[in-house]
Amino acid sequence: NANLRLEEELHRRDRRGTGALEAVQHHLALPALPRVIEGFDISHLAGAHMRAALVRFVDGEPDKAGYRTFGMKTLGEAAVAAGTATTKGAGRDVDDFAAIGEAVGRRYRGVTERGERLPDLILIDGGPGQLAAAREALRSLELARIPLVSLAKRDEELYVPGRVTPLRLKRSDAGLQLLQRVRDEAHRFGITQVQRKTTEGVLASPLDAVPGIGPKRRAELVQAFGGLEGLRTASADDLRKVKGVSAEMAAAIVAILADPSVDGEAA
């Protein structure tokens with residue numbers, strides 16, 4: 001029984017690991033086994049705080065030492081140049097394309113400058129638009145030789161450069177499942193980082209002036225009152241219910257947030 005269980009486990013790991021890598025290589029006609037796959041996803045909260053997430057998989061498993069996030073720097077310029085800065089739907093598409101292009105460009109410019117190993121495959125979350133943006137970024141770095149594919153969430157279709165129609169695989173295909181894992185992990189990591197950065201930034205300016213309030217206590221206040229507006233309406237007694245908030249701290253918070261010059265952006 002033990003031998004049987006061991007064989008089953010080894011078979012499962014092989015299917016998820018080497019077997020899945022071989023399936024990806026076959027479906028995408030890759031020149032080598034994609035032992036190193038790097039996946040990109042664009043994450044944001046209600047259209048704000050946009051960041052690009054990068055995850056790295058080695059031999060079919062996450063390599064968290066290779067995870068990265070990128071704050072976006074060029075999105076406003078891209079939307080204005082495209083004439084969609086005031087069009088909500090189109091602007092969001094332009095932002096996604098520009099964000100992917102910026103993230104891919106920054107990632108592999110840094111990799112080449114540091115002399116690090118390039119991935120065997122780059123996976124982009126999205127459709128043909130995101131794929132085109134990533135491809136152009138690689139071309140600008142003379143790295144178009146790196147295999148590239150995008151995976152669209154709606155129908156789980158694979159878009160490959162040079163292929164007119166998307167590639168549709170069975171949901172049970174080991175190769176597709178591996179690419180889905182990379183895509184989903186990039187999305188999970190990206191959302192987590194956006195939430196963390198947002199929480200760190202909330203109320204950073206006014207509350208940092210209160211002695212004894214650091215990142216941990218600030219996060220507890222945000223959790224308790226939901227953000228700046230909730231804190232504005234809280235009394236000193238309400239604030240004191242948060243663990244570690246003294247009467248002096250509560251009074252200082254009320255006084256600072258009563259100042260009309262303190263707004264959400266400054267916070």
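1. Focus on the packing of aromatic side chains
The geometry of an aromatic ring pair comes down to the distance between the two centres and the angle between the two planes. One pass over the structure, following the stated rule, counts two aromatic pairs. Plain terms: the ring middles of phenylalanine 40 and tyrosine 108 are 6.0 Å apart, the flat faces sit at 65° to each other, and that makes the pair edge-to-face. With phenylalanine 40 in strand S1 (residues 36-45) and tyrosine 108 in helix H4 (residues 88-114), the pair connects residues that are 68 residues apart, well separated along the chain. Classification of phenylalanine 40 by relative accessible area gives buried; the value is 2%.

2. Here we look at the environment of arginine 183
Turning to its location among the elements, arginine 183 is positioned in helix H6 (residues 174-201). By relative accessible area, which is 5% here, arginine 183 ends up buried. Note: C-alpha distance between arginine 183 and leucine 151 (32 residues apart in sequence) is 7.6 Å. One polar contact links arginine 183 to glutamate 156, side chain to side chain, over a distance of 3.0 Å.

3. What to know about the nonpolar core
In this structure, Phe40, Ile100, Val104, Tyr108, Ile122, Ile124 and Leu138 are the most contacted members of the largest nonpolar core, which totals 26 residues. Those elements that place two or more of their residues in this core are S1, strand S2 (48-58), H4, strand S5 (121-125), helix H5 (128-140) and strand S6 (148-152). In terms of residue count, H4 provides more of this core than any other element does, six residues in total. If we ignore the near neighbours within four places in the chain, the residues touching isoleucine 124 are Phe40, Ile100, Val104, Gln130, Ala134, Leu148, Val149, Ser150 and Leu151. Judged by nonpolar contacts, the second largest core, of 24 residues, contains Leu28, Leu30, Val55 and Val149.

4. Focus on H5
Along its 13 residues, H5 runs 18 Å from first to last C-alpha, staying within 8% of the 18 Å computed at 1.5 Å per residue. What H5 keeps buried is the set Gln130, Leu131, Ala133, Ala134, Ala137 and Leu138. Burial along H5 is one-sided: seen end-on, the buried residues are contained in an arc of 165°. Just downstream of H5, glutamate 142 is the residue with a positive phi angle, here 60°.

5. Here we look at the pattern of salt bridges
Taken as a whole and assessed by the stated rule, the structure comprises 15 salt bridges. Glutamate 102 is the partner of arginine 106 in a salt bridge, and the nearest nitrogen-oxygen pair spans 2.8 Å. One end of the pair, arginine 106, and the other, glutamate 102, are both in helix H4, four residues apart, so they sit about a helical turn from each other. A relative accessible area of 10% means that glutamate 102 is categorised as buried. A salt bridge links arginine 117 to aspartate 120; the shortest N-O distance between them is 2.9 Å. By relative accessible area, arginine 117 is classed as partly exposed at 47%. A cluster of three or more residues bridged by salt bridges with shared partners is formed by Glu38, Arg56, Asp63 and Arg107.

6. Section: unusual backbone geometry
A positive phi angle, close to 55°, is found at alanine 29, a residue other than glycine. Its relative accessible area of 65% is what places alanine 29 among the exposed residues. Residue aspartate 59 is not a glycine yet carries a positive backbone phi of 55°. Position of aspartate 59 relative to the elements: it lies in the loop between S2 and strand S3 (61-62). According to the relative accessible area criterion, aspartate 59 is partly exposed, its value standing at 32%.

7. Looking at the side chain of serine 43
Position of serine 43 relative to the elements: it lies in strand S1. Residue serine 43 is classed as buried on the basis of its relative accessible area of 1%. Of note is the side chain of serine 43, whose polar atom sits 3.0 Å from the side chain of aspartate 41.

Procedures and definitions
Residues numbered from 1 in each chain as written. Predicted model: local features only at pLDDT ≥ 70, side-chain atom pairs only at ≥ 80, totals over all residues. Heavy atoms only, no water. Phe/Tyr/Trp six-rings, centres within 6.5 Å; stacked < 30°, edge-to-face > 60°. Helix = DSSP H or I, 4+ residues; strand = E, 2+ residues; numbered from the N terminus. Buried < 20%, exposed > 50% of the residue type's maximum accessible area, 1.4 Å probe, protein only. Polar contact = N/O pair within 3.5 Å; in protein donor to acceptor, adjacent residues only side chain to side chain. Core = buried A, V, L, I, M, F, W, Y, C linked by side-chain atoms within 4.5 Å. Contact = heavy atoms within 4.5 Å. Expected span 1.5 Å × (residues − 1). Arc of directions from axis to C-beta. Salt bridge = Lys/Arg side-chain N within 4 Å of Asp/Glu carboxyl O.

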